[in-house]
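Residue-level structure breakdown
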Amino acid sequence: MPLSEKDNYMKVIKGETPEWVPRYTFGPDKFSTKEQAAAGLMVRAYTPTTMPGQEGYTDMFGVSYTSSAQTSGASLPTPDAHIMEDIRDWSKLLKLPDITNTDWDAVCKAAIEGLPGPADNFAKSYGGVGGGGFFLPLMNMMGFTNGLIAMLEEPEIVHEMYSYMTEWYVYGLERTMDKLPVDIFTVGDDTAAAFQPFISPQQYRDLIVPYVSQLTKFAQDRNLPVMMHCCGRCEDYIEDWVKFGVTAWNPAQITNDLDGIKKKYGNSLVLIGCWDSSGDAGYMYAPEEVVRQAVRDTIDRYAPGGGFMFWGSVYGPEDDPAVDLKRKWMTEEYEAYRETPYK
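Residues numbered from 1 in each chain as written. Predicted model: local features only at pLDDT ≥ 70, side-chain atom pairs only at ≥ 80, totals over all residues. Heavy atoms only, no water.

What follows deals with the nonpolar core. Within the largest apolar cluster, 95 residues are counted, with the highest numbers of intra-cluster contacts made by Ile87, Met161, Tyr162, Trp241 and Trp249. If we ignore the near neighbours within four places in the chain, the residues touching Met161 are Met84, Ile87, Trp90, Leu94, Leu138 and Met141. By size, the runner-up hydrophobic cluster in this structure holds 15 residues, among which are Tyr24, Ala37, Ala123 and Ile184. (Core = buried A, V, L, I, M, F, W, Y, C linked by side-chain atoms within 4.5 Å. Buried < 20%, exposed > 50% of the residue type's maximum accessible area, 1.4 Å probe, protein only. Contact = heavy atoms within 4.5 Å.)

Right under this line is the structure:
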């Protein structure tokens, strides 16, 4: 019986050598001829008035967001619309949704029914009932200047706020983890800019690790792999990630020493991405052969031996034919070339 897309995907996640290079995606690709390998379990223990990408969206922390064509519809915090100026006011200003009366059986059932097909067809990722990050929510609430000053000058108060957030996260995890068919546990927090971390490894260890590790313990107790989402040059944190159970990382951007990381960790840390979005293939009107060659070069460089998933990104207005065409070239070349490293 041929290996399914899901099973091949999970072989990589488990540190095994796959039959072909899996592809990481957020959802279906209209140009793909292959079955979707993975999907997220989205548990909604509370209902926002509007959803991400819609006008007027506000997250569970009270932060308002704005989307644009330049972000392909993705929502970013509305500029200068901070909900908090002084970290000492956090307990008065931060009120997470009340989820104590949630019908957990119903929301978990809805999450399973919300998958794009039968649950067994997908490697199912789950990260909790909302949020899950620590650094980025603080920056979104206060802005980077005030947020970073708070972490530096008032660490004990930041601990108080993070303890409150963790209690909320854990409450939801305790009531959902064993009601869902979870294959991969996910955590995410963008703690780095393109070329350097926002905070030092010691600050990360002191202020973030004690809380995120309480979340990943739910996966470790159930022998589930943990996937970290962190953009930018964040390799300084990898040793800490490994200690709290991370075995896969996206988007593994090229400002990190990806060759050195692959050599050091081998298949025990799956690199997802490794795509040079700032290179020639990242330009909106890049020629077809440049895009196709970039797909082949990325696979050739990082796929040998396993421990790699392809994730190429194309950004730009959704209604721009040039953006659509680049997605088509990328998908076609990935599918034509994905078995090459393992023949």
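Moving on, we get to the pairing of strand 8 (residues 270-273). Bridge count for strand 7 (residues 246-250) against strand 8 is two bridges, and the pairing is parallel. For Trp249, the partnering residue across the bridge sits in strand 8 and is Leu271. Handedness of the β-α-β unit built from strand 7, helix 9 (residues 258-265) and strand 8 comes out right-handed. Both strand 8 and strand 9 (residues 308-310) contribute to a ladder of three bridges, which runs parallel. Within the sheet, the bridge partner assigned to Leu271 lies in strand 9 and is Phe308. (Pairing = 2+ DSSP bridges. Helix = DSSP H or I, 4+ residues; strand = E, 2+ residues; numbered from the N terminus. Right-handed = clockwise from strand over helix to strand, strands pointing away.)

On to the pairing of strand 4 (residues 123-126). Alternating positions in strand 4 separate into two faces, Ala123 and Ser125 on one and Lys124 and Tyr126 on the other, with burial throughout. Of the strand pairs in this sheet, strand 1 (residues 38-40) and strand 4 are connected by three bridges, and their pairing is parallel. Paired with Ala39 across the strands is Lys124, a residue of strand 4. Direction of pairing for strand 4 relative to strand 5 (residues 184-188): parallel, over a ladder of two bridges.

For the pair helix 4 (residues 135-142) and helix 5 (residues 144-153), the least separation of the axes is 7 Å and the interaxial angle reads 125°. If you check the angle between helix 4 and helix 5, you find them oblique. Crossing geometry of helix 4 relative to helix 5 is assigned as right-handed. For the pair helix 4 and helix 5, contact is made by Phe135, Leu136, Leu138, Met139 and Met142 and by Phe144, Asn146, Gly147, Leu148, Ala150 and Met151, respectively. Classifying every residue of the contact of helix 4 with helix 5 gives nine nonpolar, two polar and no charged. (Axes fitted to C-alpha atoms, helices over the stretch in contact; angles between N-to-C directions. Parallel < 35°, antiparallel > 145°, perpendicular 65-115°, else oblique. Left-handed = near helix turned anticlockwise from the far one by under 90°. Nonpolar A, V, L, I, M, F, W, Y, C, P; charged D, E, K, R; others polar.)

Turning our attention to unusual backbone geometry. Apart from glycine, the bulk of residues carry a negative phi angle, and the bulk of peptide bonds sit in the trans form. Looking along the chain, the bond that leaves Asn250 and enters Pro251 is cis, with omega of 5°. By secondary structure assignment, the location of Pro251 is in the loop between strand 7 and helix 9. Here the phi dihedral of Cys274 falls at roughly 60°; this positive angle occurs in a residue that is not glycine. Among the secondary structure elements, Cys274 is positioned in the loop between strand 8 and helix 10 (288-302). By relative accessible area, which is 2% here, Cys274 ends up buried.

On inspection of all chains with the given rule, the structure shows 18 aromatic pairs. Look at Tyr46 and Trp168: their rings are 6.1 Å apart centre to centre, the planes differ by 65°, and that puts the pair in the edge-to-face class. Taken together, the positions of Tyr46 in the loop between strand 1 and strand 2 (65-67) and Trp168 in helix 6 (residues 155-174) put the pair 122 residues apart, joining distant regions of the chain. Its relative accessible area of 9% is what places Trp168 among the buried residues. For the pair Trp241 and Trp249, a centre-to-centre distance of 5.5 Å together with 65° between the ring planes defines the contact as edge-to-face. Comparing Trp241 with Trp249 shows no difference in burial state: the two are buried. (Phe/Tyr/Trp six-rings, centres within 6.5 Å; stacked < 30°, edge-to-face > 60°.)

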